[in-house]
Amino acid sequence: MAEFVEEGIEGLLPAFEALRDVQLLSPAELELLPKRCVAYEYRIQRGNKDVESFRAYVEYLKVLIKLIRLRRKRMKFQRTKENEIEGVLKTKIVSLYRQCCERFQASLFGFSFQLRVFPRDFSLFCRAAQFEFSALRSIDRARFILHQALRLYPDRTELWICLLELELDNIKWLLGRRSILTENFHPDTSLMGERREMKVAHEAQKDPNKKINVEGKSELDAVMSLRTAEAVANRALEACKSEKSALLLSFWRITKRYGVVAKRLTTQFYEKLWTPEYKSEESWIAKSELISYVSSSFYASRIPLLVLDL
């Protein structure tokens, strides 16, 4: 164990020496700093490792960086040996993150921990957003995660697809929740509530600019009328111009899967596929899939009648 501890401390030696040279810490603090780091190294190298040991070590180094920055500001040593001090400490923090991820598969630290370590893993951003919405019911936090990723990588189609699915999932969840609440959790009438909410969504999609009055609903909501989802799709097509036809086809498939909830967008995306700007091989693929879907739906609806005839 001592060998691993020495190896971990060796990476911090340049920071200790630089701190001694610039005198940002007092002699007592300089004497205590290596001892504290050695103690934390022993905690993370022991046989029964735990997440809290890594977390405590990381927090200690973060507090140390904040203290150094305050001392720099007060003593006007703004950037003196910054790479040798803060740079080394940040590298150590990243190393601790990676060790913890490998040891505990990063699940115990949450997605925010993983995103710091793997900022280029686009699927991780999508999983984090889906977790925030499905498990924690935080649509705002889920949107924030995806918007943060899109600011860095605006041309990644998988991020836009995830954001559109998130908006449509939010609509479905709102419809289901309102159905339960308006029906007072009665199992026999929950279907009626769902149908009424579907009617609200259907009416809202007819004309997003006018008010409707369905079962007491007097004002359109941007989410329920699909204006938010539509804005997401438009921004995505502008950002991903090189793949806009393929992306539009993906959007059409997604909205078709959501049925009446996204009926207006399904029609709108299909019509847009045949405009001069988007007409391509994807347009014919959509037409083929639509014909197959209509045919399968027709025969599926005829099966009960055929059974009765027999």
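Residues numbered from 1 in each chain as written. Predicted model: local features only at pLDDT ≥ 70, side-chain atom pairs only at ≥ 80, totals over all residues. Heavy atoms only, no water.

- For the chain, the name recorded in an unreviewed UniProt entry is U3 small nucleolar RNA-associated protein 6-like protein, with Gongylonema pulchrum as its organism.
- Quoted verbatim from the Subcellular location (unreviewed entry) field of UniProt, the annotation for the chain is "Nucleus, Nucleolus". (UniProt positions renumbered as here; feature names shortened; annotations may be inferred.)

1. A word on the nonpolar core
Then step 1. Grouped together as the largest cluster of nonpolar side chains are 48 residues, with contacts concentrated most on Leu-159, Trp-160, Leu-168 and Phe-251.
Then step 2. When contributions to this core are tallied by element, the ones reaching two or more residues are α7 (122-134), α8 (139-152), α9 (157-182), α11 (227-239), α12 (244-257) and α13 (263-273).
Then step 3. It is α9 that contributes the most residues to this core, ten residues altogether.
Then step 4. Ignoring sequence-local partners within four residues, the contact set of Trp-160 consists of Leu-150, Pro-154, Val-232, Arg-235, Ala-236, Ala-239, Cys-240 and Phe-251.
Then step 5. Formed by 31 residues, the second largest nonpolar core is a distinct cluster that contains Cys-37, Ile-44, Leu-61 and Leu-89. (Core = buried A, V, L, I, M, F, W, Y, C linked by side-chain atoms within 4.5 Å. Buried < 20%, exposed > 50% of the residue type's maximum accessible area, 1.4 Å probe, protein only. Helix = DSSP H or I, 4+ residues; strand = E, 2+ residues; numbered from the N terminus. Contact = heavy atoms within 4.5 Å.)

2. Topic: helix α1 (residues 2-10)
Then step 1. Buried residues of α1: Val-5, Gly-8 and Ile-9, and no others. All buried residues of α1 lie within an arc of 95° about the axis, which places them on one face of the element. Seen from the open side of α1, the exposed residues pointing more than 90 degrees away from its buried face are Glu-3, Phe-4, Glu-6, Glu-7 and Glu-10. (Arc of directions from axis to C-beta.)

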